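Observations on chain architecture
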Amino acid sequence: MSHTVTITDNKTGKQLECPVHEGTYGDPVIDTSALNKELGMFTIDPGFGITASCRSSITYLDGEKGILLHRGYPIEQLAGQSTYLEVCYLLLYGELPTETEYDQFRAELNERNMVHEHLERFYSGYRYDAHPMAMMIGVTGALSSYYHEAMDLDDPLDRDLTAKRIIAKMPIMAAHCYKHSVGHPFVYSRDDLAYVENFLNMMFSVPMRDYEPSAIAVKALDLMLILHADHEQNASTSTVRLAGSAEANPFACITAGIVTLWGRAHGGANEAVLNMLGEIGDIKNIPQFIARAKDKEDSFRLMGFGHRVYKNFDPRAIIIRKACHDLLEAVDTVDQPLLDIAMALEEIALKDDYFIERKLYPNVDFYSGIILKALGIPTSMYTVMFSLARSVGWISQWLEMMEDPDFRIGRPRQLYIGAEKRDYVPIDKR
Ligand code: SDX
């Protein structure tokens, strides 16, 4: 017998049997698509907290158990044994690549690791101190002007080519944002360097000398990218899907994702964490900030704490917390005091009833900023780094949506609570 849920309207006595669909894991879903036709109603779920927008095979997360799987592989195993570029392949194609497949993938990315020379001119329109996320929005949006007419959204090969272009060009555009902000010449991508080494070289090499990153820095950044690669239907991914459902240019859809990620409640939190730790300044000031976070009259929230889904530890935070410690032990940095404040803040918050009752735990952003700072990446670049990592998640979810048999334009409804119908009154009669 198929599983259904009956909705009864106790005003009319009318009933509707709604099919229930089970996934591989996770809570089953109720298909309410017949609700309006049969009972003349909509559903409402502000913030889509319990609304499944799609069927997806890419990522599964369980907020209560702190589980995160990418194509079935636990994040802990990918963090410990894989690389960001291999995770890109996995997210895009659903399987871990063979050595031959991986080499072919890298070679195809290398064929696309240049941006049109004219793109450089977009950067010069920004002040040197423009926020790098504002620059990323501008240049990624501009990319849609180079790949528009020639791209056939209905051709799977063109869609795959778009994905490879995004993965190959995002690190270049991200590094250029930093170079523009420090007034250094832009550095070209290099085929002979692996993904993270290539990115760090584009960030930090100068004409007088190449940049030799330490192995631990490369490992820490690769880990940070893996941990931010995809995260189910979060706000920015949902934006990319909604823009993509209108069959917008995919580079413009990715730009919409960057715009959404910039929000401090979302990807902007890693930058906000470092600014908050800097504002706290000393462990003795922590109690007053905890009090502000609890004060309903104060809009201040503890950045890096809480999560829409994880109501237990964010598994990514556990992984990155250890990498944070390892890196700061190995890399002589002045940022130890910041980590000390972060550790003390975490300890105090996790013992405080307010946070315990609301299941507010450190999320991945609480630590990622400290790793980036230890790597010499400026705070203003943190959300750019997040958008770099997440670009593969966005484009993988976009590809999945474009191939979905249920593909249709997204169009939520509303509960209208505005004025009743009334007639226009000429201004001299008001
Ligand atoms: C990311 O969705 C994803 O997957 C996102 C992400 C990804 O990989 O894509 O994981 C990346 O965005 C991580 C989250 C980064 N954001 C922050 O660290 C910003 C600080 N966090 C909060 O803004 C907040 O926790 C959210 C936005 C993350 C979650 O908001 P919710 O689920 O809407 O939480 P809520 O507003 O329902 O909070 C429930 C209670 C409220 O108090 P009460 O009304 O019950 O008294 O907890 C309180 C909130 O005021 N609360 C906080 C808090 N977060 C929630 N109080 C103080 N500090 C906080 N950080």
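Quick notes on the rules
- Residues numbered from 1 in each chain as written.
- Predicted model: local features only at pLDDT ≥ 70, side-chain atom pairs only at ≥ 80, totals over all residues.
- Heavy atoms only, no water.
- Buried < 20%, exposed > 50% of the residue type's maximum accessible area, 1.4 Å probe, protein only.
- Helix = DSSP H or I, 4+ residues; strand = E, 2+ residues; numbered from the N terminus.
- Pairing = 2+ DSSP bridges.
- Phe/Tyr/Trp six-rings, centres within 6.5 Å; stacked < 30°, edge-to-face > 60°.
- Arc of directions from axis to C-beta.
- Contact = heavy atoms within 4.5 Å.

1. As for the pairing of strand 2 (residues 15-21)
- Residues Leu16, Cys18 and Val20 of strand 2 are buried on one face, while the alternating residues Gln15, Glu17, Pro19 and His21, pointing to the opposite face, are not.
- In this structure, strand 1 (residues 4-8) lies alongside strand 2, joined through 5 bridges in antiparallel fashion. Bridge pairing in strand 2 places valine 5 opposite cysteine 18.
- Counting the residues that bridge the hairpin from strand 1 to strand 2 gives 6 residues, and of these glycine 13 lies at a positive phi of roughly 80°.
- Where strand 2 meets strand 3 (residues 29-30), 2 bridges bridge the pair, whose relative direction is antiparallel.

2. Re the packing of aromatic side chains
- This model, assessed by the stated rule, comprises 15 aromatic pairs.
- Aromatic side chains phenylalanine 204 and tyrosine 211 sit 5.2 Å apart centroid to centroid with 50° between the ring planes, which places their arrangement in the tilted category.
- Residue classification places tyrosine 211 among the partly exposed residues on the basis of a relative accessible area of 26%.
- Ring centres 5.0 Å apart and planes at 90° place the aromatic pair phenylalanine 366 and tyrosine 367 in the edge-to-face group.
- A relative accessible area of 0% means that phenylalanine 366 is categorised as buried.
- Residue classification places tyrosine 367 among the buried positions, given a relative accessible area of 0%.
- Taken together through their ring pairs, the aromatic side chains of Phe305, Tyr354, Phe355, Phe366 and Tyr367 make up a single cluster.

3. Quick look at the sheet that holds strand 6 (residues 73-74)
- The strand order 4-5-6 describes an open sheet built from 3 strands, whose pairing is antiparallel. The open sheet has two edge strands, strand 4 (59-62) and strand 6, and neither has a second partner.
- Where strand 5 (residues 67-70) lies against strand 6, 2 bridges are found, and the strand directions are antiparallel. The residue bridging histidine 70 from the neighbouring strand is tyrosine 73, located in strand 6.

4. Examining helix 13 (residues 286-294)
- Within helix 13, burial applies to Ile286, Phe289, Ile290 and Ala293. Taken end-on, helix 13 shows its buried residues confined to a sector of 105°, consistent with a single buried face.
- Taken together, the buried residues of helix 13 touch helix 12 (269-280), helix 15 (336-350) and helix 16 (353-357).

Everything listed here is a matter of coordinates, which is why it stays silent on function.
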